[in-house]
Amino acid sequence: DEKRVIEHGEHYISFEEGTLGQSLRAFAPIHNTDGEQVGFIMVGTLLEGIEKTQRLTLVRLLIYSLGGLILGIVGSIILSGNIKKSLLGLEPYQISMLYTEKNSMLETIQEGIVSIDKDKKITMINDSARRILGIAKRNPIGEKIYNIFPNNGLENVLETEVPKLGEENNFNGVIIVTNIVPIINNGKVIGALASFWDKTELTRLGEEITGFKEVFQSLRASTHEYQNKLHVILGLIQIGEIEHAKKYILESSDDKQQLILNVMKKINNPVVSGLLAGKISRAKELGVQLDISDISSLETNGDRHKDIAFVIILGNLIENALEASAINDNDNKVVTLIITESEHHKKLIVSDNGVGIRKENMSMLFERGFSTNSSQRGYGLALVKDKVESLSGTINVKSDIGFGTTFEVILPKGGLYND
């Protein structure tokens, strides 16, 4: 089968029977430098050897494939286990549901929420946070936190790994109250998360709640007083003392009506007069006489914020005075209230003949958390001071152990209410 390479100079492969059996042979011509064919070369091998090599290669390929398949299965099991562990054992549909719920929850929360990763890039922010930070129409995901929220505290928590709770930051003239905690995974800090509120809004809500609480307590005291009187009337009726019951009803009605008329005559402010009427009932519960001076007078100003602040100041001072007098051993327990106003200011004086305040406690009297009464949390007088300062007023206190305490508050008229 070498004729083709000799006669025509072809390159080819042939299968022929040789002396040792079937062979696979390849032919190629040989040329000199002038391009003239001067011979040829032939390479051959037995087909049996090729088939043996093929079988051996196939076996090896099957072994390697099976080994690769086993390793792939084992690796897949390990990888899926690690992935599931990193996903807290949740299935994909559960992750999808949690993601949807998280987004819905973040958008309904009124406080601002923002988180960053270890590179200080924002990974999550809700609508409330964008509104508070003044970027309502901007999506800052992926941006550095300090570009949109300077003095944020998140970066410091990320570095120190120590939470910061209840800290105040000034952002473009707005005081923001912030809670910041590190995000920890497997003992390593991978980011930080902050929740924050506009302090102005918090203060407004706190004032309204506190003011309503004072009025509510006063109404509760009045309700309790009426219940006691109803019990007396019921008892008189049950024992047949009808005439005594009638007389008691008329006297109680006259006393209450006269009390309300006296308060309203002196205090021409519905919120304050309602508070005082309730505090009188509260005083009766404690066995203390609340005496509103005849020189007292107060006109309404139509400013809701100032009324709420005044109720907070007045309610807390009277309540403290009543409690101080109630625990005194005096038979004549009296709290005196004077409210006056002039062209330029309002003056409020609350005096009691209670146990008094020790001299060493006077400097801590208005500190938040300090209280001489173990049953209280020490927020009342701190809140009073805050409200007085918000109205640009002053507060003074005098006290003698065993003789009582006097608080004097002076509030300028016409000033602005400062949150």
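No experiment lies behind these values; they were computed from the predicted model shown.

Moving on, we get to the sheet that holds strand β12 (residues 334-341). Judged by pairing direction, the sheet is mixed, and its five strands sit side by side in the order β10-β12-β13-β15-β14 without closing on themselves. Of all strands in the sheet, those bounded by a partner on one side alone are β10 (289-292) and β14 (394-400). Each neighbouring strand pair of the sheet contributes to a mean axis angle of 10 degrees, computed without reference to strand direction. In this sheet, strand β13 (residues 345-352) lies alongside β12 in antiparallel orientation, the contact comprising seven bridges. The residue of β13 that forms the bridge with threonine 340 is lysine 347. Helix α9 (residues 270-286) contacts β10 and β12 of the sheet and is inclined by roughly 150 degrees relative to β10.

Strand direction decides the pairing type here: strand β2 (residues 21-31) and strand β3 (residues 37-46), joined by nine bridges, are antiparallel. By the bridge assignment for β3, phenylalanine 27 is matched with methionine 42. Hairpin remark: β2 followed by β3, antiparallel, with five residues in the connecting loop; positive phi at glycine 35, about 85 degrees.

Right, let's talk about the confidence of the model for the protein chain for a bit. Confidence in the prediction of the protein chain, expressed as mean pLDDT, is 80, and 82% of residues score 70 or more. Model confidence for the protein chain, summarised as mean pLDDT per element, is weakest for helix α7 (residues 199-238) at 63 and strongest for strand β15 (residues 404-412) at 93.

All right, on to the nonpolar core then. In terms of nonpolar packing, the biggest core is built from 36 residues, with Leu276, Ile313, Leu314, Leu317, Leu337, Ile339 and Leu348 touching the most fellow members. Of all elements in the fold, only α9, β10, α10 (304-326), β12, β13, α11 (380-390) and β15 reach the threshold of two or more residues within this core. Here this core gets nine residues from one element, more than from any other, and that element is α10. Residues in contact with leucine 317, not counting those within four places in the same chain, are Leu348, Val350, Leu381, Val384, Phe407 and Val409.

It is worth spelling out the packing of aromatic side chains at this point. In total, this model carries four aromatic pairs according to the counting rule given. Judged by centre distance (4.9 Å) and plane angle (25 degrees), the rings of tyrosine 12 and phenylalanine 27 are stacked. Residue tyrosine 12 is located in strand β1 (residues 12-18), and its partner phenylalanine 27 is located in strand β2; the two are separated by 15 residues in the primary sequence. Since its relative accessible area comes to 7%, tyrosine 12 is described here as buried.

Each regular strand carries side chains that alternate between the two faces of the sheet. The buried fraction of β13 amounts to six of the eight residues, a majority that puts the element mostly inside the structure. Between β12 and the antiparallel strand that follows it, β13, lie three residues. As paired elements, β13 and β15 share eight bridges and run antiparallel to each other. Bridge pairing in β15 places serine 351 opposite threonine 406.

Under the definition given, this model contains ten salt bridges. Of the charged contacts, one joins glutamate 10 and arginine 4 as a salt bridge, the two residues approaching to 3.0 Å between their closest N and O atoms. For the salt bridge of lysine 413 with glutamate 341, the shortest nitrogen-to-oxygen distance reads 3.4 Å. Of this pair, lysine 413 sits in the segment after β15 while glutamate 341 sits in strand β12; the two residues are 72 residues apart in sequence, bridging distant segments of the chain.

Let us now look at unusual backbone geometry. The phi dihedral of lysine 120 falls on the positive side, at around 70 degrees, and the residue is not glycine. Positionally, lysine 120 belongs in the loop between β4 (112-117) and β5 (122-125). We note that glutamate 161 has phi near 65 degrees; this positive angle belongs to a residue other than glycine. By the secondary structure assignment, glutamate 161 is in the loop between α6 (154-160) and β6 (164-171). What makes glutamate 161 partly exposed here is its relative accessible area of 47%.

Definitions and cut-offs
- Residues numbered from 1 in each chain as written.
- Predicted model: local features only at pLDDT ≥ 70, side-chain atom pairs only at ≥ 80, totals over all residues.
- Heavy atoms only, no water.
- Pairing = 2+ DSSP bridges.
- Helix = DSSP H or I, 4+ residues; strand = E, 2+ residues; numbered from the N terminus.
- Axes fitted to C-alpha atoms, helices over the stretch in contact; angles between N-to-C directions.
- Contact = heavy atoms within 4.5 Å.
- pLDDT = per-residue confidence, 0-100.
- Core = buried A, V, L, I, M, F, W, Y, C linked by side-chain atoms within 4.5 Å.
- Buried < 20%, exposed > 50% of the residue type's maximum accessible area, 1.4 Å probe, protein only.
- Phe/Tyr/Trp six-rings, centres within 6.5 Å; stacked < 30°, edge-to-face > 60°.
- Salt bridge = Lys/Arg side-chain N within 4 Å of Asp/Glu carboxyl O.

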